[in-house]
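Here is what each chain is made of, one letter per residue.
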Amino acid sequence: MLMVRPPSPYPAIFAIWKDSVGKRSLTDAVNVRGIEFQWNVRDSFALSIGAFQIPRGERLLLLGPSGSGKSTLLSLLTGIVLAQSGSLEILGQRLDALRGSGRDRFRAEHFGIIFQMFNLLPYGTVIDNVLLPLSFAPARRARAMAAGGIECEAHRLLSTLGLPANIGRQTAATLSVGQQQRVAAARALIGSPEIIVADEPTSALDDHRQQDFLDVLFAQIDATGATLIMVSHDRRLARHFTRVVEFADILTFSKTAGSNR
Amino acid sequence: MIVARLALQSLRNRWITVLLTILAISVSVMLLLGVEKVRSGARDSFAGTVSGADVVIGARSGGMQLLLYSVFRIGNATNNVTWRSYEDIVSRPEVAWAIPLSLGDSHRGYRVIGTTGDYFEHLKYRGGQPLKFAAGAPFADLFDVVLGSEVAGQLGYSLGDQITLAHGAGSLGPQHDDLPFRVSGILARTGTSADKSLHVSLKAIEAIHVDWRSGSRIPGQVTTADRLRQMSLPPRAITAAIIGLKSRLQVISFQRTVNEYRAEPLSAVLPGLALQEMWALVGTAETALLGVSAMVVVTSMLGLSAMILSTLNERRREIAILRSLGASPRTVAALLVGEATLLTVAGIASGTAALYLVLMVARPLIDRQFGIDIVIQLPSTTDAMLLLAILIGGILAGLLPAYSAYRTSLADGMMVRT
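Note that the structure is a prediction, hence the values are computed from the model and not measured.

Helix and strand counts for chain B come out as 13 helices and 17 strands. Compactness check: chain B gives a C-alpha radius of gyration of 31 Å against a globular reference of 22 Å for 418 residues, more than 25% above the reference. Expressed as lengths along the three principal axes of its C-alpha atoms, the size of chain B is roughly 105 × 45 × 35 Å. When each of the 418 residues of chain B is scored for burial, the buried share is 40%. If you take every contact in chain B between residues at least 6 apart in sequence, the share linking residues at least 24 apart comes to 79%.

Below, the structure is given as structure tokens:
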């Protein structure tokens, strides 16, 4: 499918101004227009999304049972995989316009990602785990630097997320699951990326720890004004979010046995 | 920085497999480099023994055999050269110096050589160094003997000691025990066959055989040492002679003269040429040995590849985490190639270090046992090339798992299938 963009009504000079200054604040965090994706031709594991926007600063909860295409959607949003057709813009940047390594760099700079569990490299120290994304994201590193030095910033995040002060030197494997999730949150937040993606981050935690975790996470996200996209099957979380969307409402996901198989 | 540190911590986390892999590479490096060292050490040792000699003559035989028994004291002569022929040949104008050698007796497993004072003056080793005396002087009396350094060291002899020679090569053969010799000199170490020899004068060889006929004593006949000293005893025959010519250009024509000598069938060999012949013969064995060591290296490289490949499944999550943080598939692949390279470098370093350690300990043993002096020096160009080849092998061994991880990380996306 070929997307034809309408010609811009503005003179060229405005287009430049719009690109350099206004883009970040004016565009949506996520803007999807009719994408189709299939993992590969052999297994027909297809996903399609019509039109879908996530404005900047939104706290969005995507609800759906497991096996509803969550991981695939997150892979698409973060540019790990590319849709076969359609347009996907993140912060005004079309992902399919970037080369593979450009998308990796883009992801490093603009996304903080928290997985369900096993977020950390178990043999590394907590502080190294938190600082790791900065190795791939110079702009985030510069921002963390400006906030008072990258190590200080990491320690600050760890302590605001309720972790003990001396935890930085510990090996990640020695931490409890709840602590690991907080370290993962610190890693996602460091250098203030624009979008935080969380894939069932609380499902490994018991109820009151869930609440604790979400509280500190939201407080930090509010502080940086980042957009939060959380995926979960837990409807009870809905009250914390500015918008709740059912997976089934925005995408169609088919996992039928392929004819070529 | 952090990525590198985490990669090292990942290795430390798997230290047992990592250590075993390094050990395998290290052993293979030791083997390959060791074989190469022994090979070149053997060549140098052999070549150094005949330094400066232009021609070796002896009774008619193969060139290699003549060289082996005359210079290296391995094996036995088939026949002798009469003293008359020897004198005739060395009186030729092109001859600068000549060392006659008379073999056949022994002392506790070491060979006794009847020769002249020219032996100590003209025999050169390792790039033209002359023989030096660690103690004493050449034989002056009829019953004086000069010991090679190993003979003196192993048997614990010093100047003035009395020793008896045995008839024939075995130490259990009949003894010339009625005529003891006095140690008049001990040679400094050379790393050649001179270390393993006892040197007496040609006349002494004749003297101890005055009372002997065809390998056993003549019953009832005893000639005293003093009586022997007064006898004239011209040598009747020698086993071989090492000859230096005035000009190298005359070597070929001199060789022809000796080979066509009419009075008796003689052979002349050019030591360098005969050595070449010898290396051609043992070259196949050397190549086979080097080939086997190379296969061991290849095996260790396959082990390295298999080790990294086997960790990929458990590191799938690690890779997915790195990818989600913005590491490109190329970075992931580079990490794995880097890991393979690091382990190979560690293996090369530890293997080389271990080899030098082993050489330092084993050097005297190898020298004593095989007469090969392995000089301990910095790796040669050949060694460096071998090590470089191993390093490239290690990098190649990392490419397969790297490619596999590259593919996996592209296909896995954010889903970590565990």
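Here the focus is the interface of chain B and chain A. Taken together, the contacts link 21 residues of chain B with 25 residues of chain A. Elements with a contribution of two residues or more to the side of chain B that touches chain A: helix H1 (2-13) and helix H11 (316-324) of chain B. Looking at the side of chain B that touches chain A residue by residue, the classes come out as eight nonpolar, seven polar and six charged.

Residues and elements named next belong to chain A. Here five bridges tie strand S1 (residues 30-38) to strand S4 (residues 85-90), and the two strands are oriented antiparallel to one another. Bridging across to S4, Asn31 finds its partner in Glu89. Sheet topology note: the S4/strand S5 (residues 93-94) ladder contains two bridges and is antiparallel. Looking at S5, one finds that Ile90 is bridged to Gln93. If you look at the hairpin formed by S4 and S5, you'll find two residues sitting between the two strands, and Leu91 has a positive phi there, around 50 degrees.

All right, on to helix H4 (residues 83-90) of chain B then. Of all the positions in H4(B), only B:Ser85, B:Tyr86 and B:Ile89 are classed as buried. End-on, the buried residues of H4(B) take up no more than an arc of 100 degrees, which puts them together on one face.

Another point: helix H2 (residues 70-77) of chain A. Residues and elements named next belong to chain A. Along H2, eight of the eight residues are buried, which leaves the element largely enclosed by surrounding structure. Lys70, Ser71, Thr72, Leu73, Leu74, Ser75, Leu76 and Leu77 are the residues of H2 that are buried. Residues of H2 that are buried in the fold lie against S1, strand S2 (46-54), S4, strand S7 (195-199), strand S8 (227-232) and strand S10 (251-254). In the stretch just after H2, Gly79 is the one whose phi turns positive, near 80 degrees.

If you look at the biggest cluster of nonpolar residues, it comprises 101 residues, and the most contacted ones within it are A:Val130, A:Ala154, A:Leu158, A:Ala186, A:Val197, B:Val332 and B:Leu336. Broken down by element, the residue count for this core peaks at nine residues, all from helix H12 (residues 329-370) of chain B. Excluding residues within four positions of it along the chain, A:Val197 makes contact with A:Leu74, A:Leu77, A:Thr78, A:Phe111, A:Ile113 and A:Ile229. One finds B:Val50, B:Tyr69, B:Val81 and B:Leu198 within the second-largest nonpolar core, a separate group that totals 61 residues.

Our next topic: the confidence of the model for chain B. Looking at chain B as a whole, the pLDDT averages 86, with 96% of positions reaching at least 70. Here the prediction assigns the complex a pTM of 0.74, and the interface score ipTM is 0.82.

Turning our attention to the sheet that holds strand S6 (residues 111-114) of chain A. Whenever strands of a sheet pair, they do so through backbone hydrogen bonds, lying parallel or antiparallel. Residues and elements named next belong to chain A. With parallel pairing, five strands are arranged side by side in an open sheet as S6-S7-S8-S3-S9. A strand with exactly one partner marks an edge of an open sheet, and here the two such strands are S6 and strand S9 (243-246). The sheet shows a mean angle of 15 degrees between the axes of neighbouring strands, direction not considered. Strands in contact with helix H7 (residues 177-189) are S6 and S7; relative to S6, the strand with the most contacts, it is inclined by about 170 degrees.

This part covers the packing of helix H6 (residues 150-160) of chain A against H7(A). All names here are of chain A. Packing of H6 against H7 leaves a shortest axis separation of 9 Å and a crossing angle of 135 degrees. The angle between the axes of H6 and H7 places the two elements in the oblique class. For the pair H6 and H7, the sense of crossing is right-handed. Between H6 and H7, the contacting residues are Ala154, Leu157 and Leu158 on the first element and Val183, Ala186 and Leu189 on the second.

The next subject is the packing of helix H2 (residues 15-49) of chain B against helix H10 (residues 271-312) of chain B. All names here are of chain B. As a packed pair, H2 and H10 sit with axes 9 Å apart at the nearest point and diverge in direction by 170 degrees. One finds that H2 runs roughly antiparallel with respect to H10. Class assignment of the residues belonging to the contact of H2 with H10 gives a composition of 16 nonpolar, six polar and three charged.

All names here are of chain A. Pairing in this open sheet of five strands is antiparallel, and the strands run S5-S4-S1-S2-S10 from one edge to the other. Among the strands making up the open sheet, the edge pair consists of S5 and S10. One ladder, built from four bridges, connects S2 with S10; its direction is antiparallel. Following the sheet pairing, Ser48 is matched in S10 by Thr252.

Next up on the list: the pairing of S1(A). Two elements, S1(A) and S2(A), share eight bridges in a ladder whose sense is antiparallel. Looking at the pairing, A:Arg33 lines up with A:Ala51 of S2(A).

With that settled, the discussion passes to the environment of B:Leu335. Residue and element names in this part refer to chain B. Turning to its location among the elements, Leu335 is positioned in helix H12. The exposure class assigned to Leu335 is buried, which follows from the 23 C-beta atoms found within 10 Å. It is 8.8 Å that separates the C-alpha atoms of Leu335 and Val3, two residues lying 332 residues apart in sequence.

We now examine unusual backbone geometry. Positive phi, close to 45 degrees, is recorded for A:Glu200, a residue that is not glycine. By the secondary structure assignment, A:Glu200 is in the loop between S7 and helix H8 (207-224). Residue A:Glu200 is classed as partly exposed on the basis of its C-beta count, with 18 C-beta atoms lying within 10 Å. Located in the positive-phi region is B:Leu233, a residue other than glycine, with phi close to 45 degrees. Relative to the helices and strands, B:Leu233 resides in the loop between helix H8 (225-230) and strand S15 (237-238).

Moving on to the confidence of the model for chain A. When pLDDT is low, close inspection of the predicted coordinates is not appropriate. All names here are of chain A. Of the residues in chain A, 85% reach a pLDDT of 70 or more, and the chain-wide mean stands at 82. Note on residues 1-25: pLDDT is under 50 here. Beyond four places in sequence and across chains, it has nine contacts. For residues 257-261, every residue scores under 50 in pLDDT, and the model assigns this stretch seven contacts once sequence neighbours within four places are set aside.

Cut-offs used in this document
- Residues numbered from 1 in each chain as written.
- Chains lettered and ligands numbered in written order.
- Predicted model: local features only at pLDDT ≥ 70, side-chain atom pairs only at ≥ 80, totals over all residues.
- Helix = DSSP H or I, 4+ residues; strand = E, 2+ residues; numbered from the N terminus.
- Rg over C-alpha atoms; globule rule 2.2 N^0.38 Å.
- Buried ≥ 20, exposed ≤ 12 C-beta atoms within 10 Å, placed from the backbone.
- Contact = placed C-beta atoms within 7 Å.
- Nonpolar A, V, L, I, M, F, W, Y, C, P; charged D, E, K, R; others polar.
- Pairing = 2+ DSSP bridges.
- Arc of directions from axis to C-beta.
- Core = buried A, V, L, I, M, F, W, Y, C linked by C-beta atoms within 7 Å.
- pLDDT = per-residue confidence, 0-100.
- Axes fitted to C-alpha atoms, helices over the stretch in contact; angles between N-to-C directions.
- Parallel < 35°, antiparallel > 145°, perpendicular 65-115°, else oblique.
- Left-handed = near helix turned anticlockwise from the far one by under 90°.

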